[in-house]
Amino acid sequence: KFHLKYSKKIIIGSWFTYQKGWYATDYPEIDITSINQCSKYWRKNSKSAFVAEHVWEHLDKDEAIKGAKCCYFFLKRNGRLRIAVPDGNHPDPNYIDHVKPNGVGLGSSDHKLLYTIDNLTQIFRDVGFRVRPLEFWDKRGEFHSIKWNSKWGKISRSLENDKRNTKENPFSYTSIIIDCYKGEKIE
């Protein structure tokens, strides 16, 4: 519990994911939808960064908003939250079948929402975050990606890091990845 309280970089919903310099948490130890529960471990404005890879799709819309508010509450000014979720605009119907709520993929039976870049960024903007998209498919079926640094949270299910992405099928598995900033700073 000491490290949970004093660590500045937190993995939300780690599910056996570990990154050097980050403290890995999972539910029910940390319920990111509850400021009261997280306040047992953290102070307001005390964290530098959160990363949540494929967590938000397991929350309904009200929980997603509560989770965004909770992260905002605990982040320091100019802190960052990196989110990755399955991409509802991905052009491959097999991908969509695997990740949609009650889909055929591992864990999708518990998925509550299938996000697009538009509805995901709106949740975080409404809470007060400045949002910078890093990877996503748009409505027209075009993939967008900018160079991003893993020091703010490695995302395994991404264009560069997912081993399912090959020369023959470079976009086999990608995610919507966004950085959400508390404050003015966007790098």
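Below is a summary of the structure that appears in this document. Note that the structure is predicted; figures quoted are calculated from it, not measured.

Conventions adopted
- Starting afresh in each chain, residues are numbered from 1 along the sequence in its written order.
- Only residues with pLDDT of 70 or above have their local features reported here, since the model is predicted, and side-chain atom pairs are shown and tallied only from 80 upward, although totals for entire chains, interfaces and linings are computed over all residues.
- Side-chain measures here rest on the full set of heavy atoms in the structure, leaving out hydrogens and waters.
- Strand pairing is assigned whenever DSSP detects at least two bridges linking the two strands.
- Secondary structure counts use DSSP, requiring at least four H or I residues in a row for a helix and at least two E residues in a row for a strand, with both numbered from the N terminus.
- Note on terminology: a nonpolar core comprises buried Ala, Val, Leu, Ile, Met, Phe, Trp, Tyr and Cys residues joined through side-chain atoms within 4.5 Å.
- Relative accessible area decides the class of each residue, using a 1.4 Å probe on protein chains only: under 20% of the type maximum gives buried, over 50% gives exposed, and in between gives partly exposed.
- It only takes one pair of heavy atoms within 4.5 Å for two residues to be counted as in contact.
- Axis definition: a line fitted to C-alpha atoms, over the contacting stretch in the case of helices. Angles run 0 to 180 degrees between N-to-C directions.

As paired elements, strand E5 (residues 130-137) and strand E7 (residues 175-181) share five bridges and run antiparallel to each other. Note that in E7 the partner of Arg130 across the bridge is Tyr181. Both E5 and strand E6 (residues 143-145) contribute to a ladder of three bridges, which runs antiparallel. Across the sheet, Trp137 pairs through a bridge with Phe143, a residue of E6. From the end of E5 to the start of E6, which pair antiparallel, there are five residues, and Gly141 there has a positive phi angle of about 85°.

What follows concerns the nonpolar core. Ranked by internal contacts, the top residues of the largest apolar core, which has 33 residues, are Trp56 and Phe124. Residue assignment for this core shows that the elements contributing at least two residues are strand E3 (47-53), helix H3 (61-74), strand E4 (75-86), helix H5 (117-127), E5 and E7. The contacts of Phe124, once residues within four sequence positions are left out, are Trp56, Ala68, Leu81, Ile83, Phe129, Val131, Ile178 and Cys180. Trp22, Ala49, Leu134 and Ile155 belong to the second largest nonpolar core, which has 11 residues in total.

Here we take up the sheet that holds E4. Here seven strands make up an open sheet; going across it, the order is E2-E1-E3-E4-E7-E5-E6 and the pairing mixed. The outermost strands of the open sheet, each flanked by one partner alone, are strand E2 (23-24) and E6. Sheet topology note: the strand E1 (residues 9-11)/E2 ladder contains two bridges and is parallel. From the neighbouring strand, Ile10 faces E2, where its bridge partner is Tyr23. Set on the sheet, H3 makes contact with E3 and E4; between it and E4 the angle comes to about 150°.

In short, shape yes, function no, at least from these values alone.
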